[in-house]
Every structure is written in structure tokens, then in C-alpha cells.
Amino acid sequence: YLNMKDNIIRLVELNDIENVVDVINIAYRTNQGWTHEFNVVAGDRISSKQLKIELQKENFKLFVLEADGQILGCIGLTEDVDSIEIGSFAILPMHQNSGYGKKLLNFAEVFAKQKQHIVRLNMSVLNVRKELLAYYARHGYHDTHKTESYPLDANVGQPLINLHLVLLSKQI
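The structure contained in this document is the topic of the report that follows.

Scoring rules and cut-offs
Residues numbered from 1 in each chain as written. Predicted model: local features only at pLDDT ≥ 70, side-chain atom pairs only at ≥ 80, totals over all residues. Heavy atoms only, no water. Helix = DSSP H or I, 4+ residues; strand = E, 2+ residues; numbered from the N terminus. Buried < 20%, exposed > 50% of the residue type's maximum accessible area, 1.4 Å probe, protein only. Contact = heavy atoms within 4.5 Å. Phe/Tyr/Trp six-rings, centres within 6.5 Å; stacked < 30°, edge-to-face > 60°. Lys NZ or Arg CZ within 6 Å of the ring centre and 35° of its normal. Expected span 1.5 Å × (residues − 1). Polar contact = N/O pair within 3.5 Å; in protein donor to acceptor, adjacent residues only side chain to side chain.

1. Describing the environment of Gln158
Structurally, Gln158 is set in strand β9 (residues 158–159). Of the residues examined, Gln158 reaches a relative accessible area of 45% and is grouped as partly exposed. Through-space distance from the C-alpha of Gln158 to that of Asp44 is 8.9 Å; in sequence the pair is 114 residues apart. Beyond its immediate stretch of four places on either side in the chain, Gln158 contacts Val40, Val41, Ala42, Tyr150 and Leu152.

Below, the structure is given as C-alpha cells:
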């Protein structure tokens, strides 16, 4: 899809699944990097089985960012009627603050703009992740003032504190 000076953004392949699951779980659930859920959610964020199920959905695409043959990050895009939901967005902690997240987010926006019926990008962020909410605000995502309960039944980890999701949106 996109080759940027030794970085490649491409669709995930079946043989990438274990690596991508590791990237997501390390980024979300270890006490590393500038942003994580280590102290607020216990358990894995995703399993190989869950990712395989997601990848079977017609409206879901997962892109990986690769450098020197190593997957450093990923971003999931779920297409809806007039929007794309961003999820499964992760960068390995040791590669955070290197511009890779910005590259993936920019890629998602370019991808969305190429689809004539898409007018906005949406995402859900845990309410307690203030640094992440600020990051997205700097990139043009605004708080819709809508919230959702933490998805207890989605098998994405158990909250250690009272949590809810904040819905963010960006017009494109």
C-alpha cells in the first residue's frame, strides 16, 4: 500500500497474526511506553482467535507498519455507512515517540478520504487515558460528548477501576 523511506504500511497477512497480537497486547497491557492500560485493565487486549474472527469481516481491514521486516505497529479500520472506526491502533512501546503512530493515523485518514461516501473517522478511547485523548485532540479529533460502557462481554480485558469509553470524531 504505502512505502515510506524504509517503512511499509500494508494489509495484514495470515502469517502476521501472532506478531500483531503481540504488538497489541504489549502496547496496551504492559507498563511500557508513554500510553498504556496496564494499571486500569487486566488481561489480554486481543487473542489470535479474536483477530482471525475480525479479519473475516467484510468491512474490516487491518494495516501493519513494518520497518526492516519487523512489524512495529498496526491500525484497524472498520467501514460503516458514512464513517470509518479506528481501532486496534498500537505501536510497540520501544518505537513510540518515533512518528510511527502519526504515520499510521495519517494513512488511515488518506485511506478514508479515498472513499467518497466516508465523511468522518471515529474512535473510542478509555476515559482515564488523558494523554491519549490529548494526542488525538492535537490531531483534530474532537470529543463528541458521547460515551459507551466498557465492553465487559467483548473479552478484551477486565477493568481494574470504573471505566467508560469516550467517543471521538474527525470530519474529513
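2. Remarks on the packing of aromatic side chains
Applying the stated criterion across every chain yields a total of seven aromatic pairs. Where Trp34 meets Tyr135, the ring centres are 5.7 Å apart and the plane angle is 50 degrees; that geometry is what we call tilted. Linking Trp34 in the loop between α1 (17–29) and β3 (41–42) with Tyr135 in helix α4 (residues 130–138), this pair joins segments that are 101 residues apart in sequence. Judged by its relative accessible area of 14%, Tyr135 falls in the buried class. Ring geometry for Phe63 versus Phe111: centroids 5.4 Å apart, planes at 65 degrees, classification edge-to-face. Highlighted residues: Phe63 in strand β4 (residues 60–67) and Phe111 in helix α3 (residues 100–113), separated in sequence by 48 residues. For the residue pair Phe63 and Phe111, the accessibility class agrees, reading buried in each case. An aromatic cluster of at least three residues, connected via ring pairs, comprises Trp34, Phe89, Tyr135, Tyr136 and Tyr141. Positioned above the aromatic ring of Tyr28, the side-chain terminus of Arg45 is 5.0 Å from the ring centre.

3. Regarding α3
With 14 residues, α3 extends 20 Å from end C-alpha to end C-alpha; this agrees with the ideal 20 Å at 1.5 Å per step. Three or more residues of α3 are buried, namely Tyr100, Gly101, Leu104, Leu105, Phe107, Ala108, Glu109, Phe111 and Ala112.

4. A look at the side chain of Asn122
Here Asn122 shows up in strand β7 (residues 120–126). On the basis of relative accessible area, Asn122 is assigned to the buried category, the value being 16%. Within the local environment of Asn122, its side chain forms a polar contact with the side chain of Ser83, the two groups lying 3.4 Å apart. A polar atom in the side chain of Asn122 sits 2.9 Å from the side chain of Ser169.

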